[in-house]
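# Results of the structural survey
So the chains spell out like this:
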Amino acid sequence: MASAMRNLTVDCSDARALAGFWAEVLGWHVFSDDDPEVLVTPSYPYLGNGPTMLFIPVPEPRTAKNRLHVDVQPTDRTRDEEVDRLLGLGAAIVEDHRNGDGSGWVWMADPEGNDFCVERSRGERAGGGPQHWRLAPA
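In short, a report on the structure.

Reading the values: the criteria
Residues numbered from 1 in each chain as written. Predicted model: local features only at pLDDT ≥ 70, side-chain atom pairs only at ≥ 80, totals over all residues. Heavy atoms only, no water. Pairing = 2+ DSSP bridges. Helix = DSSP H or I, 4+ residues; strand = E, 2+ residues; numbered from the N terminus. Axes fitted to C-alpha atoms, helices over the stretch in contact; angles between N-to-C directions. Contact = heavy atoms within 4.5 Å. Patch = residues over 30% accessible without salt bridge, like charges linked within 9 Å, V, L, I, M, F, W, Y side chains within 5 Å. Areas by Shrake-Rupley, 256 points an atom, 1.4 Å probe, with all protein chains shown as cover. Salt bridge = Lys/Arg side-chain N within 4 Å of Asp/Glu carboxyl O. Lys, Arg positive; Asp, Glu negative; His and termini not counted. Charge placed at Lys NZ, Arg CZ, Asp CG, Glu CD. Core = buried A, V, L, I, M, F, W, Y, C linked by side-chain atoms within 4.5 Å. Buried < 20%, exposed > 50% of the residue type's maximum accessible area, 1.4 Å probe, protein only. Expected span 1.5 Å × (residues − 1). Arc of directions from axis to C-beta.

The subject of this paragraph is the sheet that holds strand S4 (residues 52-57). Pairing is mixed in the open sheet, where 4 strands are placed in the order S1-S4-S3-S2. Unpaired on one side and paired on the other, strand S1 (7-12) and strand S2 (29-31) mark the two borders of the sheet. Averaged over all neighbouring strand pairs, the angle between strand axes comes to 25°, with direction disregarded. One ladder, built from 3 bridges, connects strand S3 (residues 38-41) with S4; its direction is antiparallel. Counted as the bridge partner of Val40 is Met53 from S4. The sheet contacts of helix H1 (residues 15-26) involve S1, S2, S3 and S4, and relative to S4 the element is tilted by about 160°.

Taken together, the side chains of Asp33, Asp34, Asp35 and Glu37 define an acidic patch exposed on the protein surface. Looking at the element boundaries, Glu37 is found in the loop between S2 and S3.

What follows covers the nonpolar core. With 21 residues, the main nonpolar core has Trp22, Phe55, Leu86, Met108, Phe116 and Val118 as its most contacted residues. Elements that contribute at least two residues to this core include exactly S1, H1, S3, S4, helix H2 (79-89), strand S7 (106-109) and strand S8 (115-118). Among the elements that take part in this core, H1 stands out by supplying 7 residues, more than any other. Sequence-distant contacts of Leu86, that is, excluding residues within four places in its chain, are made with Phe21, Val25, Ala91, Met108, Phe116 and Val118.

Attention now goes to H1. Every α-helix winds through 3.6 residues per turn, so residues three or four apart in the chain are directed the same way. In this model H1 runs 16 Å from its N-terminal to its C-terminal C-alpha over 12 residues, within 8% of the 16 Å that 1.5 Å per residue would give. Buried within H1 we find Ala15, Leu18, Ala19, Phe21, Trp22, Ala23 and Val25. Gly27 sits one or two residues past H1 and shows a positive phi near 70°.

Here the focus is H2. When H2 is considered as a whole, its buried residues turn out to be Arg79, Glu82, Val83 and Leu86. The arc that holds every buried residue of H2, seen down its axis, measures 105°, which confines them to one face. Across from the buried face of H2, at angles greater than 90 degrees, the exposed residues are Asp84 and Gly88. The inward-facing, buried residues of H2 abut H1, strand S6 (92-96), S7, S8 and helix H3 (122-127). Looking at the residues trailing H2, positive phi occurs at Gly90, about 115°.

Structure, rendered in structure tokens:
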């Protein structure tokens, strides 16, 4: 038996604002009520299919680099166009790892400083050769 991932939970200072940012990034929907926690889901109405993002307000600021981060891949534009869009939403570039041959990624931070990376789109990857993943030995 295994477990299913239910939420990617993010501690933050302004749950509604950060949930709004991530909903725009992913094209998802924000659900909130009187509870200070805010949920971002891939569909409306949410039927419990697939993971969500849960934003929980906490009083303390982030003090170190994230040990876990989200990688996003644009679905209808190039990586570079997506980076420009995310900058317009309030993200910042932390480190630029784009290469002259079009490969690479951009390490960014959301408005509260949480790390995430923007990868090339599937179309861009297809033009740069296949990605080979293999199962690691157990």
